[in-house]
Amino acid sequence: MRQWVSLVGFVLLAFVAGFVGSRFLPGDWYAGLAKPSFNPPNSVFAPVWSVLYLLMGIAAWRAWRQRGIDAATGLWLAQLAFNAAWSWLFFGRHLLAVALVEIVVLLALIVATTVAFFRRDRAAGWLMVPYVAWVSFATLLNAALWQLNPAA
(Lines give C-alpha, C1' and ligand atoms only; values in the text may rest on other atoms or scores of the structure.)
Protein backbone atom coordinates (compact mmCIF):
# COMPACT_ATOMS: atom_id res chain seq x y z
CA MET A 1 0.00 0.00 0.00
CA ARG A 2 2.88 2.37 0.82
CA GLN A 3 4.16 2.05 -2.75
CA TRP A 4 0.81 3.17 -4.19
CA VAL A 5 0.59 6.10 -1.79
CA SER A 6 4.07 7.23 -2.77
CA LEU A 7 3.23 6.87 -6.47
CA VAL A 8 0.16 9.05 -6.02
CA GLY A 9 2.30 11.54 -4.10
CA PHE A 10 4.85 11.89 -6.90
CA VAL A 11 2.14 12.21 -9.55
CA LEU A 12 0.30 14.81 -7.48
CA LEU A 13 3.51 16.77 -6.98
CA ALA A 14 4.03 16.86 -10.75
CA PHE A 15 0.46 18.05 -11.25
CA VAL A 16 0.96 20.76 -8.62
CA ALA A 17 3.62 22.27 -10.89
CA GLY A 18 1.11 22.08 -13.73
CA PHE A 19 -1.56 23.70 -11.59
CA VAL A 20 0.74 26.58 -10.68
CA GLY A 21 1.64 27.09 -14.34
CA SER A 22 -2.01 26.91 -15.36
CA ARG A 23 -2.79 30.00 -13.29
CA PHE A 24 -1.20 32.02 -16.11
CA LEU A 25 -3.29 31.49 -19.22
CA PRO A 26 -2.48 32.67 -22.75
CA GLY A 27 -5.39 35.10 -23.04
CA ASP A 28 -5.78 38.03 -25.43
CA TRP A 29 -2.11 39.01 -25.25
CA TYR A 30 -1.01 35.64 -26.60
CA ALA A 31 -3.79 35.59 -29.20
CA GLY A 32 -2.44 38.88 -30.55
CA LEU A 33 1.12 37.63 -31.07
CA ALA A 34 2.47 36.75 -34.49
CA LYS A 35 2.90 32.96 -34.49
CA PRO A 36 5.23 30.68 -36.44
CA SER A 37 3.72 28.20 -38.89
CA PHE A 38 4.46 25.31 -36.50
CA ASN A 39 2.52 26.81 -33.57
CA PRO A 40 0.04 24.14 -32.43
CA PRO A 41 -3.58 25.04 -31.68
CA ASN A 42 -4.25 25.98 -28.05
CA SER A 43 -6.38 22.85 -27.61
CA VAL A 44 -3.25 20.66 -27.88
CA PHE A 45 -1.47 21.99 -24.82
CA ALA A 46 -3.67 20.80 -21.93
CA PRO A 47 -3.87 17.14 -23.02
CA VAL A 48 -0.16 16.97 -23.84
CA TRP A 49 0.84 18.51 -20.51
CA SER A 50 -1.54 16.24 -18.59
CA VAL A 51 0.14 13.16 -20.07
CA LEU A 52 3.60 14.61 -19.46
CA TYR A 53 2.90 15.40 -15.79
CA LEU A 54 1.60 11.86 -15.30
CA LEU A 55 4.69 10.36 -16.97
CA MET A 56 7.16 12.53 -15.06
CA GLY A 57 5.44 11.67 -11.76
CA ILE A 58 5.67 7.95 -12.49
CA ALA A 59 9.30 8.37 -13.61
CA ALA A 60 10.27 10.16 -10.40
CA TRP A 61 8.51 7.53 -8.32
CA ARG A 62 10.36 4.73 -10.11
CA ALA A 63 13.72 6.48 -9.65
CA TRP A 64 12.92 7.21 -5.99
CA ARG A 65 12.13 3.53 -5.37
CA GLN A 66 15.68 2.65 -6.45
CA ARG A 67 17.64 5.02 -4.19
CA GLY A 68 15.25 7.20 -2.23
CA ILE A 69 15.75 10.94 -2.09
CA ASP A 70 19.04 11.79 -3.81
CA ALA A 71 20.51 14.08 -6.46
CA ALA A 72 18.17 12.67 -9.12
CA THR A 73 15.06 13.56 -7.13
CA GLY A 74 16.61 16.94 -6.35
CA LEU A 75 17.02 17.57 -10.08
CA TRP A 76 13.44 16.48 -10.64
CA LEU A 77 12.18 18.91 -8.00
CA ALA A 78 14.30 21.72 -9.47
CA GLN A 79 12.94 21.16 -12.97
CA LEU A 80 9.39 21.15 -11.56
CA ALA A 81 10.00 24.61 -10.08
CA PHE A 82 11.38 25.88 -13.39
CA ASN A 83 8.46 24.26 -15.22
CA ALA A 84 5.94 26.20 -13.13
CA ALA A 85 7.94 29.44 -13.37
CA TRP A 86 8.03 29.46 -17.15
CA SER A 87 4.27 30.06 -17.49
CA TRP A 88 4.49 32.97 -15.06
CA LEU A 89 7.35 34.55 -17.03
CA PHE A 90 5.84 33.95 -20.46
CA PHE A 91 2.07 34.27 -20.00
CA GLY A 92 1.94 36.15 -16.72
CA ARG A 93 4.71 38.71 -17.23
CA HIS A 94 4.95 38.62 -21.07
CA LEU A 95 8.73 38.36 -20.87
CA LEU A 96 9.48 36.31 -23.98
CA ALA A 97 13.28 36.74 -23.86
CA VAL A 98 13.51 35.98 -20.14
CA ALA A 99 11.18 33.00 -20.60
CA LEU A 100 13.47 31.76 -23.39
CA VAL A 101 16.51 31.84 -21.10
CA GLU A 102 14.47 30.14 -18.38
CA ILE A 103 13.21 27.36 -20.68
CA VAL A 104 16.78 26.65 -21.84
CA VAL A 105 17.73 26.15 -18.18
CA LEU A 106 14.57 24.05 -17.72
CA LEU A 107 15.50 21.87 -20.68
CA ALA A 108 19.02 21.36 -19.29
CA LEU A 109 17.52 20.34 -15.94
CA ILE A 110 15.12 17.93 -17.64
CA VAL A 111 17.95 16.32 -19.64
CA ALA A 112 20.08 16.01 -16.49
CA THR A 113 17.11 14.50 -14.64
CA THR A 114 16.48 12.06 -17.49
CA VAL A 115 20.12 10.93 -17.53
CA ALA A 116 20.06 10.48 -13.75
CA PHE A 117 16.81 8.52 -13.98
CA PHE A 118 18.23 6.26 -16.70
CA ARG A 119 21.09 5.41 -14.33
CA ARG A 120 18.61 4.33 -11.66
CA ASP A 121 15.84 2.75 -13.68
CA ARG A 122 15.70 2.50 -17.48
CA ALA A 123 11.91 2.74 -17.52
CA ALA A 124 12.08 5.95 -15.47
CA GLY A 125 14.47 7.42 -18.02
CA TRP A 126 12.27 6.43 -20.95
CA LEU A 127 9.22 7.92 -19.24
CA MET A 128 11.02 11.29 -19.31
CA VAL A 129 11.87 11.20 -23.04
CA PRO A 130 8.50 12.59 -24.25
CA TYR A 131 8.97 15.48 -21.80
CA VAL A 132 12.45 16.19 -23.21
CA ALA A 133 10.99 16.15 -26.72
CA TRP A 134 8.07 18.44 -25.87
CA VAL A 135 10.16 21.00 -23.99
CA SER A 136 12.69 20.95 -26.84
CA PHE A 137 9.82 21.85 -29.15
CA ALA A 138 8.52 24.44 -26.68
CA THR A 139 11.99 26.02 -26.57
CA LEU A 140 11.97 26.40 -30.35
CA LEU A 141 8.45 27.80 -30.19
CA ASN A 142 9.43 30.29 -27.47
CA ALA A 143 12.44 31.40 -29.56
CA ALA A 144 10.28 31.83 -32.69
CA LEU A 145 7.65 33.80 -30.80
CA TRP A 146 10.32 36.10 -29.37
CA GLN A 147 11.85 36.57 -32.84
CA LEU A 148 8.46 37.36 -34.41
CA ASN A 149 7.39 39.64 -31.54
CA PRO A 150 10.52 41.43 -30.28
CA ALA A 151 8.52 44.29 -28.74
CA ALA A 152 6.03 42.02 -26.95
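Quantities reported herein were computed from a predicted structural model and do not represent experimental measurements.

The rules behind each value
- All residue numbers refer to position in the chain's written sequence, counted from 1.
- Where local features are concerned, this predicted model is filtered to residues with pLDDT of at least 70; where side-chain atom pairs are given and counted, the filter is 80 or more; whole-chain, interface and lining totals use all residues.
- Calculation of side-chain values draws on the structure's entire complement of heavy atoms; hydrogens and water are dropped beforehand.
- Take a side-chain nitrogen of Lys or Arg and a carboxyl oxygen of Asp or Glu: if they are within 4 Å of each other, that pair is a salt bridge.
- Helix and strand definitions here come from DSSP, where helices need a minimum of 4 consecutive H or I residues and strands a minimum of 2 consecutive E residues; each element is numbered from the N-terminal end.
- Burial here depends on accessible area, computed with a 1.4 Å probe over protein chains only, as a share of the maximum for the residue type. Under 20% is buried, over 50% is exposed, and the range in between is partly exposed.
- The patch calculation keeps residues exceeding 30% relative accessible area without a salt bridge and links them within 9 Å when they carry like charges or within 5 Å when they are nonpolar (Val, Leu, Ile, Met, Phe, Trp, Tyr).
- Only the protein chains shown count as cover for residues, and the accessible areas themselves come from Shrake-Rupley with a 1.4 Å probe.
- Working definition of a nonpolar core: buried Ala, Val, Leu, Ile, Met, Phe, Trp, Tyr and Cys residues. They are joined through side-chain atoms within 4.5 Å.
- Contact criterion: two residues are considered in contact whenever any of their non-hydrogen atoms come within 4.5 Å of each other.
- For Phe, Tyr and Trp, rings pair up if their centres lie within 6.5 Å, where Trp contributes its six-membered ring, and each pair is then called stacked (planes under 30 degrees apart), edge-to-face (over 60) or tilted (otherwise).
- Lysine NZ or arginine CZ positioned within 6 Å of the ring centre and within 35 degrees of the ring normal marks a charge as sitting over the ring.

What about the pattern of salt bridges?
Enumeration according to the criterion identifies two salt bridges in this entry. Arginine 120 is the salt-bridge partner of aspartate 70, the closest N and O atoms lying 2.8 Å from each other. You can see aspartate 70 sitting in the loop between helix H3 (45–67) and helix H4 (71–92) and its partner arginine 120 sitting in helix H5 (residues 96–120), a full 50 residues away along the chain. Using a relative accessible area of 16% as the deciding quantity, one classes arginine 120 as buried.

A short note on a nonpolar patch on the surface
A contiguous nonpolar patch, built from Leu13, Val16, Phe19, Val20 and Leu77 and spanning about 420 Å² of accessible area, is present on the exposed surface. The leading source of residues in the nonpolar patch is helix H1 (residues 2–22), at four residues. Structurally, leucine 13 can be placed in helix H1.

Focus on the nonpolar core
Formed by 43 residues in total, the largest nonpolar core has its most connected members in Met56, Trp76, Phe90, Phe117, Met128 and Tyr131. Listed by contribution, the elements that provide at least two residues to this core are H1, helix H2 (27–31), H3, H4, H5 and helix H6 (122–148). The residues contacting methionine 56, other than those within four sequence positions of it, are Ala14, Trp76, Gln79, Leu80, Asn83, Met128 and Tyr131.

Description of the packing of aromatic side chains
Applying the stated criterion across every chain yields a total of 15 aromatic pairs. A centroid spacing of 5.5 Å and a plane angle of 50° characterise the contact between phenylalanine 10 and tryptophan 64, whose relative ring orientation is tilted. Of this pair, phenylalanine 10 sits in helix H1 while tryptophan 64 sits in helix H3; the two residues are 54 residues apart in sequence, bridging distant segments of the chain. When sorted by exposure, phenylalanine 10 lands in the same class as tryptophan 64, which is buried. Consider the rings of phenylalanine 38 and phenylalanine 137, whose centres lie 5.9 Å apart with planes at 70°: the pair is edge-to-face. Of this pair, phenylalanine 38 sits in the loop between H2 and H3 while phenylalanine 137 sits in helix H6, and the two are 99 residues apart along the sequence. Note on phenylalanine 38: relative accessible area 40%, which makes it partly exposed. Overall, phenylalanine 137 belongs to the partly exposed group, its relative accessible area being 24%. It is lysine 35 that lies over the ring of tyrosine 30; its NZ or CZ is 4.5 Å from the centre.

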